[in-house]
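Single-letter residue listing:
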Amino acid sequence: MEDMGNENLYNMEIRRVIDIKNEEDTRRFGLELAEKCVPGTVIALIGDLGTGKTTLTKSIAEGLGITRPITSPTFTIVQEYREGRLPLFHFDVYRLHGPEDLFEIGADDYFYGSGVSVVEWADLVLEALPEDTWYIFIDYTEEENGRTYKCTF
């Protein structure tokens, strides 16, 4: 059975598809993305384990001028990085039970605040994300390190 991609489940319009061949392509895309970010930007990353959600987040952080190492906040849910052009709030919602859990940790304050929020495993909390969220669906390709980014922005 052919994988049609998660974006079909959510009836989201894919506005562009980016072919990623290696980690340098990921870095370039993340740096470009960071340039477009303004306070209150929310970026939702949806993809299987190992597709590079944290790697992309590291590139966005670099583009924002954050020099501290970026680690996945799997157990803390959110990690704050405030030293860049804009603060970065890095969410990993894999361990949450649903959108209500995200509200309980005060996600609205982050989403509508002065920084950029990147949410890994965003498909688990779709109902909690702002209407103008930028979605990136990350899929493996047949190339060894290849990925496809399907973007709604």
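Above this text sits the structure in question.
Residues numbered from 1 in each chain as written. Predicted model: local features only at pLDDT ≥ 70, side-chain atom pairs only at ≥ 80, totals over all residues. Heavy atoms only, no water.

What follows covers the pattern of salt bridges. According to the stated counting rule, one finds eight salt bridges in the structure shown. The partner of Glu-24 in a salt bridge is Arg-27, and the shortest N-O contact between them spans 3.5 Å. Within this pair, Glu-24 and its partner Arg-27 are both found in helix α1 (residues 23-36), separated by three residues, close to a single helical turn. For Arg-27, a relative accessible area of 31% puts it in the partly exposed group. (Salt bridge = Lys/Arg side-chain N within 4 Å of Asp/Glu carboxyl O. Helix = DSSP H or I, 4+ residues; strand = E, 2+ residues; numbered from the N terminus. Buried < 20%, exposed > 50% of the residue type's maximum accessible area, 1.4 Å probe, protein only.)

Going through the model one piece at a time under the given rule, you end up with seven aromatic pairs. Between Phe-91 and Phe-111 the ring centres are 5.5 Å apart and the planes differ by 50°, which places this aromatic pair in the tilted class. Here Phe-111 lies in helix α4 (residues 107-111) and Phe-91 lies in strand β4 (residues 88-92), a separation of 20 residues in the sequence. According to the relative accessible area criterion, Phe-91 is buried, its value standing at 0%. Judged by relative accessible area, which is 1%, Phe-111 ranks as buried. With a centroid separation of 6.5 Å and an interplanar angle of 20°, the aromatic rings of Tyr-135 and Phe-137 are classed as stacked. One exposure class covers both Tyr-135 and Phe-137, and it is buried. Of the aromatic side chains, those joined through ring pairs into one cluster are Phe-89, Phe-91, Tyr-110 and Phe-111. Note that Lys-53 overlies the ring of Trp-121, its terminal NZ or CZ placed 4.0 Å from the centroid. (Phe/Tyr/Trp six-rings, centres within 6.5 Å; stacked < 30°, edge-to-face > 60°. Lys NZ or Arg CZ within 6 Å of the ring centre and 35° of its normal.)

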